[in-house]
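# Observations on chain architecture
Below, each chain spelled out in residue letters.
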Amino acid sequence: MRFDGKVCIVSGGGSGIGKATCKRMAAEGGSVLVVDLDSKGGDATVQEIADAKGQSAFAQCDVGNPAQVKAAVDLAVQKWGKINVVVNDAAMMTFSPIVDLPEADWDKVLGVNLRSMFLFCKYSVPHMPQGSAIVNLSSVHAHETTKNVVPYASSKGGIEAFARGFSEELAPLKIRINCVAPGAVNTPMLWNNPNVKSGVEKVEGAIGEPEDIAAAICFLASDEARFITGTTLIVDGGRLDILP
Ligand SMILES: NC(=O)c1ccc[n+]([C@@H]2O[C@H](COP(=O)([O-])OP(=O)(O)OC[C@H]3O[C@@H](n4cnc5c(N)ncnc54)[C@H](O)[C@@H]3O)[C@@H](O)[C@H]2O)c1
């Protein structure tokens, strides 16, 4: 089992892709810290893992809040003594033209989506032994996007650049960092997206399940991917190849 004896932190573990990732890592032997703002979703993930005889705990945390991120990392170390895997999955979107976007909304999206990566890495890496891995959730929006979601697309582009740059700092420590960029995935984030509801963003024909993305995340987080770092794996059912 790929995560036997490994300690895994997964943000956004209360829903969708993060939840599927928590369950897969626990099923493969990992001790999983489920991190989410939503305690109902986080508790449900922990319960489902317990029902399957896996090991996990929940940390309520706003990933945009530095003190709460540090507390979540400290909890994992206090419980299990080290960190082997960090999955930065939690994210949010706003839907507004740039000229109408309040400055606070820009800061919020970049804080939750991009600064959270910096915070989890800053606080986790000192506890990560050689062979550890970080996986960040990007999006096809880092590569092709639509109007009114510029902060989200900017954060996802930044996430990929962050991984490229930080991989060089992590190389001497023998720690890897990569991104997964999903296409449309069957989660609340997809179906609550007003651009998807209105048809501005078309998703027909290429909708993945959270487990499809969790499979790619777990691959990059495992030793099977030991020669892969600083890059992005696009997992979109071929969506970026199709002309609009
Ligand atoms: N679903 C898609 O179509 C899709 C496509 C491309 C990329 N992604 C990316 O995949 C990741 C997971 O998305 P999902 O579709 O599973 O979404 P989701 O809405 O199902 O789950 C997101 C989780 O993040 C949590 N969260 C949001 N803000 C938070 C905060 N500030 N602090 C802590 N937790 C917070 C939510 O409570 C929720 O449990 C995101 O990074 C998203 O950008 C999703």
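Whatever comes next refers back to the structure up there.
Quantities reported herein were computed from a predicted structural model and do not represent experimental measurements. (Residues numbered from 1 in each chain as written. Predicted model: local features only at pLDDT ≥ 70, side-chain atom pairs only at ≥ 80, totals over all residues. Heavy atoms only, no water.)

## Let's talk about helix α3 (residues 66-80)
- With 15 residues, α3 should cover 21 Å at 1.5 Å per step; its first-to-last C-alpha distance of 21 Å lies within 8% of that length.
- Those residues of α3 lying buried are V69, A72, V73, A76, V77 and W80. Across the axial projection of α3, the buried residues extend over an arc of 135 degrees, all falling on one side. Opposite the buried face of α3, by more than 90 degrees, sit the exposed residues A67 and Q78.
- In this fold, the buried residues of α3 make contact with β1 (7-11), β2 (31-36), β3 (55-60) and α4 (103-124).
- By the N-cap criterion, in which a side-chain oxygen at the helix start approaches the backbone nitrogen of a residue two or three places on, α3 is capped by N65, the distance to A67 being 3.0 Å.
- Positive phi appears at G81, one or two residues downstream of α3, with a value of about 85 degrees. (Helix = DSSP H or I, 4+ residues; strand = E, 2+ residues; numbered from the N terminus. Expected span 1.5 Å × (residues − 1). Buried < 20%, exposed > 50% of the residue type's maximum accessible area, 1.4 Å probe, protein only. Arc of directions from axis to C-beta. Contact = heavy atoms within 4.5 Å. Polar contact = N/O pair within 3.5 Å; in protein donor to acceptor, adjacent residues only side chain to side chain.)

## So, the site of the ligand
- Among the 28 residues in the neighbourhood of the ligand, the closest are listed as S15, D36, D89, Y152 and T187.
- The side chain of Y152 places a nitrogen or oxygen atom 2.5 Å from an oxygen atom of the ligand.
- Between an oxygen atom of the ligand and a main-chain N or O atom of V185, the distance comes to 2.8 Å.
- Computed on the free molecule, the ligand has an accessible area of 830 Å², of which 90% lies beneath the protein chains in the complex.
- Broken down by secondary-structure element, the contributors of at least two residues to the shell around the ligand are α1 (16-27), α5 (150-170) and α6 (188-191). (Near = heavy atom within 4 Å. Areas by Shrake-Rupley, 256 points an atom, 1.4 Å probe, with all protein chains shown as cover.)

## Remarks on the pairing of strand β5 (residues 133-137)
- Among the 5 residues in β5, 5 count as buried, and that is most of the element.
- Burial of β5 is two-sided: the residues A133, V135 and L137 facing one way and the residues I134 and N136 facing the other way are all buried.
- Pairing analysis gives 4 bridges linking strand β4 (residues 85-88) to β5, with the strands arranged parallel. Considered in β5, the bridge of V85 is made with A133.
- Since β4 and β5 lie parallel, the crossover through α4 that links them has a hand, and here it is right-handed. (Pairing = 2+ DSSP bridges. Right-handed = clockwise from strand over helix to strand, strands pointing away.)

## Structural notes on the packing of aromatic side chains
- One pass over the structure, following the stated rule, counts 1 aromatic pair.
- Their ring planes at 50 degrees and their centres at 5.5 Å tell us that F162 and F166 sit as a pair that is tilted. Pair noted here: F162 and F166 are both in helix α5, with a separation of 4 residues, about one helical turn.
- Here the guanidinium or amino end of K79 rests over the ring plane of W80, the centre of that ring lying 5.5 Å away. (Phe/Tyr/Trp six-rings, centres within 6.5 Å; stacked < 30°, edge-to-face > 60°. Lys NZ or Arg CZ within 6 Å of the ring centre and 35° of its normal.)

## Describing the pattern of salt bridges
- What the rule picks out here adds up to 7 salt bridges.
- Taking the shortest distance from any N to any O, the salt bridge between K19 and E48 comes out at 2.8 Å. One end of the pair, K19, is in helix α1; the other, E48, is in helix α2 (residues 39-51), and 29 residues separate them in sequence.
- Taking the relative accessible area as the measure of exposure, E48 reaches 29% and is therefore partly exposed.
- Its salt-bridge partner being E28, residue R24 comes within 2.8 Å of it at the nearest N-O pair.
- By relative accessible area, E28 is classed as buried at 12%.
- One network of salt bridges, in which partners are shared, links R2, R24, E28 and E224. (Salt bridge = Lys/Arg side-chain N within 4 Å of Asp/Glu carboxyl O.)

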